[in-house]
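Coordinate analysis (summary)
Residue-level listing of the chains:
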Amino acid sequence: MDFLYKVGAILGLLAFCQVSAVASKLRRIERDWAGGQRLGQGGTKEDIAKVLAPCIGKEVFLDFYEDEDMDLLSVSGKNKIILLDIDPKWILVRIQTPKAQKDKLIRISSVKGVSYQE
């Protein structure tokens, strides 16, 4: 009987892992299917590209739908995200820290909001 409980627990854990993976994929598909509504004002991916076009070379602040990357989430007062280039599907940014700098590609579909300083 104890064996059946252990088998049930293992199968339950596997089912939980699969359901959580499917749920995250479903959120991403729904977001892409919705036409890429962004910026919190009914904007699209193209609108984000238009907003960011004059900001190339400047510091920007990005808000994401999900936890995208620890380098981008750990941006503090000393760290900066500088916009380098924009593509219809991708944003190239440079993360500058006091010790080093990294270049990262970010999907426009994963960006919820954008703010920048003039």
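This text gives an overview of the structure that appears in the document. (Residues numbered from 1 in each chain as written. Predicted model: local features only at pLDDT ≥ 70, side-chain atom pairs only at ≥ 80, totals over all residues. Heavy atoms only, no water.)

**Considerations on the nonpolar core**
Counting 15 residues, the largest nonpolar core has Leu-52, Leu-62, Leu-83, Ile-91 and Val-111 as its most contacted members. Mapped onto this core, the elements with two or more residues apiece are helix H2 (45–52), strand E1 (60–64), strand E2 (80–86), strand E3 (90–96) and strand E5 (111–116). In this structure Ile-91 touches Leu-52, Leu-83, Asp-85, Lys-104, Leu-105, Ile-106, Ile-108 and Val-111, once residues within four positions along its chain are discounted. (Core = buried A, V, L, I, M, F, W, Y, C linked by side-chain atoms within 4.5 Å. Buried < 20%, exposed > 50% of the residue type's maximum accessible area, 1.4 Å probe, protein only. Helix = DSSP H or I, 4+ residues; strand = E, 2+ residues; numbered from the N terminus. Contact = heavy atoms within 4.5 Å.)

**Describing the pairing of E2**
By the bridge criterion, 6 bridges tie E2 to E3 in an arrangement that is antiparallel. Each bridged residue has a counterpart across the sheet, and for Asp-85 the counterpart in E3 is Leu-92. Where E2 folds back on E3, the antiparallel hairpin that results is connected by 3 residues. (Pairing = 2+ DSSP bridges.)

**Observations concerning the sheet that holds strand E4 (residues 101–107)**
If you trace the 3 strands from one edge of the open sheet to the other, you get E2-E3-E4, paired in antiparallel fashion. With one partner strand each, in any of the chains shown, E2 and E4 form the two edges of the open sheet. This sheet shows a mean twist of 30° between the axes of neighbouring strands, independent of strand direction. (Axes fitted to C-alpha atoms, helices over the stretch in contact; angles between N-to-C directions.)

**Quick word on a nonpolar patch on the surface**
Together, Met-1, Phe-3, Leu-4, Tyr-5, Val-7, Ile-10, Leu-11 and Leu-14 make up an exposed nonpolar region whose accessible area comes to about 930 Å². Locating Leu-14 in the fold gives a position in helix H1 (residues 2–33). (Patch = residues over 30% accessible without salt bridge, like charges linked within 9 Å, V, L, I, M, F, W, Y side chains within 5 Å. Areas by Shrake-Rupley, 256 points an atom, 1.4 Å probe, with all protein chains shown as cover. Salt bridge = Lys/Arg side-chain N within 4 Å of Asp/Glu carboxyl O.)

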